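Chain by chain, the residues run as shown.
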Amino acid sequence: MRAKLPWLLLLLLMTTVVKAQTSSISGVVVAKEDNLPMPGVTIRVSGTSTGTQTDVDGKFKIDVSQGAKLVASFIGYTTQEIPVTSQTNYKITLVAEAKALQELVVVGYGEQNRRTVTGAISSVSAEQIKNIPSPSPDQLLQGRSPGVQVSAGSGEPGSAIMVRVRGATSINASSEPLYVIDGVPIVSQNLARSTFGQPSNPLADLNPSDIESMEILKDASATAIYGARAANGVILITTKRGKAGKPTISISSYVGTSKAWKDPNDLRVDGPTFERLQNEASANNWVDTYGSLTALNPSGAAYRAPYANPDGAINTNWIDPIMQRGALYNIDASVSGGNEKIKYLVSGNTFKQEGIMKPTLFDRKTFRTNLDFNASDAIKLGTSIFYSTSKRNRIQNGNNINSALANAFFYPSNIPIYNADGTYNRPVWESPVAIVNETDYLMNTDRIIGNVYGDWKIANGLVFRTNWSLDNNYISENQYSNTNLTAGAGVGGTATNSVVRDFNWINENVLTYQTRIAGKHNLNILIGNTLQKNVSNSTSATGSGFPSNSFRTIAAAAVKNSTADETAWGISSFFGRVNYDFAKKYLFTGNLRYDGSSRFGANNRWGMFPSASVGWAVSEENFMKNVKAISELKVRASYGVTGNQGGIGNFASLGLWGGQRGGLRGGGGVTPGAGGSAAYADYPGFNPIQLANPDLKWETTAQLDFGVDVGLFHDKLNVTFDYYNKQTKDMLLEVPVPRSTGYSTLLQNYGEMENKGFEIGINASPVQTEKFSWNIAFNLSRNKNLVKKLAAPITLFSREYVRIEEGYPLFSFYVHEQLGVDEQTGDIIWNTGNDEVFNVNTDRFLTGQNAWPDFQGGLTNTFNYKGFDLMAFIQYSYGNDVFNYNRYFFEHGGERTTGYSAQQLDRWQQPGDKTDIPRLARKNYDTNFRPSRHIEDASYLRLKNISLGYAVPKSLTSKIGIGSLRVYVSGQNVLTFTKYTGLDPEVSVSPSETIQGIDQGVMPQPRVWMGGINLTF
């Protein structure tokens, strides 16, 4: 016993020493992005089995020895090691992993983790759109997002782009989405006074290289936070911002060249062929009239062909003199960096693109500064300032007798370009060569988009943000028609100058609160209000009678006129949103917005726009943990109501008086007060021009959405599927009223429209190794549009080729239905209705053909091998029809003196011929005929972009002081596969709410080849 006592005393002493070296410490773990406590974080002592977890308040307590290390870990966050010192309380901040940060998606007024999003949102990143030669960001969306239809109305640089998110919701109002850049809802409609056949695109003022990401909000759950302007979807554009770290200088540049991907000369016939066809048509008409070619006419004259020697005809090329190989270049430069206090990004850009037709040009220069400043732990300030200046040289483009391309087809090849005295030969319309050589039109745009924000962190999880923004546009247009043009020849030259200033300011105040309750209940509450006002004024002056073509300012004109106007609108809004999830498994989002707009009647000035959505993250359930193949499975559903106030007049609800006669609603011109001056002799006058409608209110669109998100094989394959049903009612339409009112129409809420369809998005990474990777992105969409209610059918476009009618979709064509060509006679077989007798006035039908595609989408393949990268992007549209209006004029069977299209060569010539082009004879080509054969299937598959690049190894670039260096070559619109016989299956005469899929003299998309370099220091 006595021998054991020393050992017991020694053991007791050692235990006492150990206890003296071990102490109890406590602390809290917070997330860096929001400084909120994090429950469930594992805290362990490095190298031991000792550990614990944070409680619901993110707090922990643990016994640890001095000199040891604590290890804090949580899924989705970078593991932290914290040395234990003499202090007894610790604050540990965990930073989200890069992959987790990539899961963040921008939503209205904030960000949200993609896995907890219950709305339908698509994203397009900077990586997907880099180095693509596009003047505007909206065109970059084409084929990259399911549910988004993007069509370039023409190949003219800087011209309008049609964007439709899940179909079109309006007829008179706008169907364009709302664009929000860094929180600023911007002006996106054309502000120019001269459209030149294609409106200009305000989004071309932006620099696509500044973009970090674009999010497309599609269903009501995602868009309802924008209320009265969200029925057509919302596109959120986030620009790049500085990051903490050493300054980074980036320089990128590309140069290229462009030309038409399809030669317009292939669509024409040469001079000798033109004369032979004219002779054939003349002979057939003589036989039809007099029985045989040898018969005499009533005056006793024998038949004589119009052209005695077709083989000797001249062959003028009208196309080549008006076309050009367009040059293209772009230079981007930026510097970014910062520290924990301040982060900055400054960028500049110059972009210049010549069109494929003379003398079209788009030249833009931009400058951007983005700053973020942490004034203290509670106050954060920042600003985004963007300035753009651009100029456009333009010519008439499409659907106009002064369109150069249309007139190059109008003019037959057997006449010369110039007369003997050197003047332009213009037997009918304006010479296409004169149009490109003599047109003098310049549009200059200066634009500032900016905002200043301040964040105040009132308490943990409670943040107040105030934001002031502006969008200021200044546009000047100068046009001069000299005496070498028909427009200026008889009046000594004409000039028009106009100036437009559009100023838009916005103030937003948002309070956000987010918290975790009991470790599993995550709550985010947002409330806010918005005030916005837009003021637009314009001044224009015209002059004629100039001393010579060297004097082009209106001050030198003999006759001068001028006009000016100003208009304004405003909106006030209150909104709120609740995001809740339980253990990231059961998800809910509710939105409510209350908007008041000056545009609507006194009885309906305010509108309520609610939405709700739910989601179930099935993959987070315990019973799914052992299903290793499924990394994510989420089902979601949403329903909500959004509004539309775009595209109507600012005072559409008011009874208006003015100094002009009539107008659309008063029986005169196409707009209120467009019937001319109300003055009588030398006395001024005014009169009523519009009836009041105090009940006028928003169009409303209710949308139901069901979606599924699936991630397989550790997210190597991700699939998103959505089905939606959009019902629009209370459409803003011009409804006929009794003539006894003194007016013809009144803008009212009348009409209903439906859009429903589905979307599929697939992202896959089949191969991911250290040296080689292969990524695939594919999307497919289908939208079915239907006009459900209309006061009366509406016929549109030249010769009423377009008709809007109940039971049919928008963009439907109204034609005489050609069933074929009689193989024995070569004459047209018409659909005659019920009486078997063709009547040109009554036997006209909606045939079911329209411009909507049955399916559309895109496929991107990206390959990386060591330092090489290859990207191929294919865009497609299937089932869309285009009315080839060119054929109406150029497939004329001899009834006009204009040139012939190549289709005329496929005409019926003898019994047994199988063709849909009838015999050359007057009875088949009456100018009142609207044959359905001119409607063509314009489905296409287009290799939209392909690029091959090489990144020089850093082991080499570091030796010359370069951070990274990449060189590449790229092509755009490289290959197009289509049955459409025109120049481009994508173009249309003018992007509008009601007219799409009509091709007439429109500049086609260019094929672009270019090379570039990207540098960072």
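Residues numbered from 1 in each chain as written. Predicted model: local features only at pLDDT ≥ 70, side-chain atom pairs only at ≥ 80, totals over all residues. Heavy atoms only, no water.

(A) Quick peek at the overall build of the protein. Of the regular secondary structure elements, the protein holds ten helices and 51 strands. Computed over its C-alpha atoms, the radius of gyration of the protein comes to 34 Å, within 12% of the 31 Å expected for a compact globule of 1017 residues. In terms of overall dimensions, the protein has C-alpha extents of about 155 × 65 × 65 Å along its principal axes. Taken over 1017 residues, the protein has a buried fraction of 52%. For the protein, the accessible area works out to roughly 43700 Å², and carbon and sulfur atoms hold 57% of it. Seen as two clouds, the 93 positive and the 88 negative side-chain charges of the protein have centres 9 Å apart. (Helix = DSSP H or I, 4+ residues; strand = E, 2+ residues; numbered from the N terminus. Rg over C-alpha atoms; globule rule 2.2 N^0.38 Å. Buried < 20%, exposed > 50% of the residue type's maximum accessible area, 1.4 Å probe, protein only. Areas by Shrake-Rupley, 256 points an atom, 1.4 Å probe, with all protein chains shown as cover. Lys, Arg positive; Asp, Glu negative; His and termini not counted. Charge placed at Lys NZ, Arg CZ, Asp CG, Glu CD.)

(B) View of the side chain of Asn407. Examined against the element boundaries, Asn407 turns out to sit in helix 6 (residues 404-410). Taking relative accessible area as the criterion, Asn407 reaches 0% and is therefore assigned buried. Sequence-distant contacts of Asn407, that is, excluding residues within four places in its chain, are made with Asn400, Ile401, Asn402, Trp429, Glu430, Pro432 and Ile435. (Contact = heavy atoms within 4.5 Å.)

(C) Examining the packing of aromatic side chains more closely. As enumerated under the stated definition, the model contains 39 aromatic pairs in all. The interplanar angle of 15° and the centroid separation of 6.4 Å between the aromatic rings of Phe778 and Tyr876 together place this pair among those described as stacked. You can see Phe778 sitting in strand 37 (residues 772-789) and its partner Tyr876 sitting in strand 45 (residues 868-878), a full 98 residues away along the chain. In textbook terms, an aromatic cluster arises when at least three aromatic residues are bridged by ring pairs, as seen for Phe409, Phe410, Trp429, Phe797, Tyr801, Phe813, Phe883, Tyr885, Tyr888, Phe889 and Phe890. Sitting over the ring of Tyr453, Arg465 keeps its end group 4.0 Å from the ring centre. In this arrangement the basic side chain of Arg942 is found over the ring face of Tyr940, its NZ or CZ atom lying 5.4 Å from the centre. (Phe/Tyr/Trp six-rings, centres within 6.5 Å; stacked < 30°, edge-to-face > 60°. Lys NZ or Arg CZ within 6 Å of the ring centre and 35° of its normal.)

(D) Main features of the nonpolar core. The biggest cluster of nonpolar side chains holds 56 residues, and the ones touching the most others in it are Ile171, Ile322, Met357, Phe797, Leu810, Tyr885 and Ile998. Among the secondary structure elements, those contributing two or more residues to this core are helix 6, helix 7 (432-438), strand 34 (732-736), strand 39 (802-804), strand 40 (812-815) and helix 9 (885-890). Per-element tally for this core: the top contributor is helix 6, with six residues. Those residues in contact with Leu810 that sit more than four places away from it in its chain are Ala168, Ser170, Ile171, Met753, Asn785, Val787, Ile804, Asn850, Trp852 and Glu993. Counting 25 residues, the second-largest nonpolar core is a separate cluster that includes Ile129, Ile132, Ile237 and Ile449. (Core = buried A, V, L, I, M, F, W, Y, C linked by side-chain atoms within 4.5 Å.)

(E) Seen up close, the sheet that holds strand 10 (residues 121-125). Judged by pairing direction, the sheet is mixed, and its five strands sit side by side in the order 10-15-16-13-14 without closing on themselves. Of all the strands in the sheet, the pair left with one neighbour each is strand 10 and strand 14 (184-185). Of the strand pairs in this sheet, strand 10 and strand 15 (residues 211-217) are connected by five bridges, and their pairing is antiparallel. From the neighbouring strand, Ile121 faces strand 15, where its bridge partner is Leu217. (Pairing = 2+ DSSP bridges.)

(F) Representation of the confidence of the model for the protein. Taken residue by residue, the protein gives an average pLDDT of 89. The fraction at 70 or more is 94%. Mean pLDDT values for the elements of the protein range from 43 in helix 1 (residues 5-21) up to 97 in strand 33 (residues 717-729). Considering only residues more than four positions removed or in separate chains, one finds that residues 1-20, a stretch of pLDDT under 50, has zero contacts. Low pLDDT, under 50, characterises residues 664-670; the stretch is placed with 26 contacts to residues that sit more than four places away or in other chains. (pLDDT = per-residue confidence, 0-100.)

(G) Highlighting the UniProt feature "domain: TonB-dependent receptor plug" (unreviewed entry) in the protein. Those residues carrying the UniProt feature "domain: TonB-dependent receptor plug" (unreviewed entry) are residues 115-234 in this numbering. Helix makes up 7% of residues 115-234 and strand 24%, whereas the separation of the span's terminal C-alpha atoms amounts to 20 Å. (UniProt positions renumbered as here; feature names shortened; annotations may be inferred.)

(H) Representation of unusual backbone geometry within the structure. The omega torsion of the bond from Lys358 to Pro359 falls at -15°, within 30 degrees of zero and hence cis. With respect to the helices and strands, Pro359 occurs in the loop between strand 19 (342-354) and strand 20 (361-374). Phi is positive for Asp730, which is not a glycine, with a value near 55°. Note on placement: Asp730 falls in the loop between strand 33 and strand 34. For Glu800, which is not glycine, the phi torsion reads 55° and is therefore positive. The residue Glu800 is located in the loop between strand 38 (794-796) and strand 39 in this model. Accessibility expressed as a relative area gives 38% for Glu800, which makes it partly exposed.

(I) How the structure looks around the pattern of salt bridges. Evaluation of the coordinates by the stated rule reveals 42 salt bridges. Residue Asp471 is joined to Arg447 by a salt bridge in which the shortest nitrogen-to-oxygen separation is 2.8 Å. Here the residue Asp471 occupies a position in strand 23 (residues 462-481), and Arg447 occupies one in strand 22 (residues 440-459), the gap between them amounting to 24 residues. Per residue, the accessibility class of Asp471 equals that of Arg447, and both read buried. Note that Arg922 and Glu895 form a salt bridge whose closest N and O atoms lie 3.3 Å from each other. Of this pair, Arg922 sits in the loop between helix 9 and strand 47 (935-937) while Glu895 sits in the loop between helix 9 and strand 47; the two residues are 27 residues apart in sequence, bridging distant segments of the chain. Overlapping salt bridges bring together Arg166, Lys218, Lys634, Arg636, Asp705, Asp709, Asp722 and Glu759 as one network. (Salt bridge = Lys/Arg side-chain N within 4 Å of Asp/Glu carboxyl O.)

(J) Summary view of a nonpolar patch on the surface. A contiguous nonpolar patch, built from Tyr513, Ile525, Ile527, Val578, Phe588 and Val614 and spanning about 460 Å² of accessible area, is present on the exposed surface. Its location among the elements puts Val578 in strand 26 (residues 559-582). Residue class for Val578 comes out partly exposed when judged on its relative accessible area of 32%. (Patch = residues over 30% accessible without salt bridge, like charges linked within 9 Å, V, L, I, M, F, W, Y side chains within 5 Å.)

(K) The arrangement of empty space enclosed by the protein in detail. Taken as a whole, this structure holds ten cavities of 30 Å³ or more when the rule is applied. For the largest cavity, the calculated volume is near 230 Å³. Looking at the largest cavity, it is lined by 24 residues, and the ones nearest its centre are Gln149, Ser151, Ala851, Asn880 and Glu986. Among the secondary structure elements, those contributing two or more residues to the lining of the largest cavity are strand 11 (148-152), strand 45 and strand 46 (881-884). (1 Å grid on protein atoms, 1.4 Å probe; cavity = no way out; pocket = protein on both sides within 12 Å on 5 of 7 lines; lining within 4 Å. Points joined across faces, edges and corners; volume = space filled by probe spheres on them.)

(L) A look at the sheet that holds strand 47. Strand order in the open sheet formed by three strands is 47-46-50, and the pairing between neighbours is mixed. Sheet topology places strand 47 and strand 50 (998-999) at the edges, where each strand pairs with a single neighbour. Across two bridges, the pairing between strand 46 and strand 50 is parallel. Bridging from a neighbouring strand, Asn884 pairs with Asp999 of strand 50.

(M) Broad picture of the pairing of strand 49 (residues 964-978). Sheet topology places strand 48 (residues 940-951) next to strand 49; eleven bridges connect them, and they run antiparallel. Counted as the bridge partner of Tyr940 is Thr978 from strand 49. Sheet topology places strand 49 next to strand 51 (residues 1006-1016); nine bridges connect them, and they run antiparallel. Note that in strand 51 the partner of Val969 across the bridge is Gly1011.

(N) Expanded view of the side chain of Thr350. Looking at where Thr350 falls in the secondary structure, it is placed in strand 19. By relative accessible area, Thr350 is classed as buried at 16%. When near neighbours in sequence (up to four residues on either side) are disregarded, Thr350 contacts Tyr329, Asn330, Ile331, Arg364 and Lys365.

(O) Seen up close, the environment of Lys584. Looking at where Lys584 falls in the secondary structure, it is placed in the loop between strand 26 and strand 27 (586-597). Taking relative accessible area as the criterion, Lys584 reaches 45% and is therefore assigned partly exposed. Taking the C-alpha atoms as reference, Lys584 lies 9.7 Å from Gly615; in sequence the two are 31 residues apart. Lys584 has contacts with Thr116, Asn522, Ala617 and Glu620, leaving out every residue within four places of it along the chain.

(P) Representation of the environment of Lys560 within the structure. Locating Lys560 in the fold gives a position in strand 26. Separated by 65 residues in sequence, Lys560 and Ala495 have C-alpha atoms that sit 9.5 Å apart. A polar atom in the side chain of Lys560 sits 2.9 Å from the backbone oxygen of Ala557. (Polar contact = N/O pair within 3.5 Å; in protein donor to acceptor, adjacent residues only side chain to side chain.)

(Q) Looking closely at the pairing of strand 36 (residues 752-768). With twelve bridges joining them, strand 33 and strand 36 adopt antiparallel strand pairing. Residue pairing across strands places Leu717 opposite Ala764, the latter belonging to strand 36. Here strand 36 pairs with strand 37 via 15 bridges, running antiparallel. Bridge pairing in strand 37 places Ile762 opposite Phe778.

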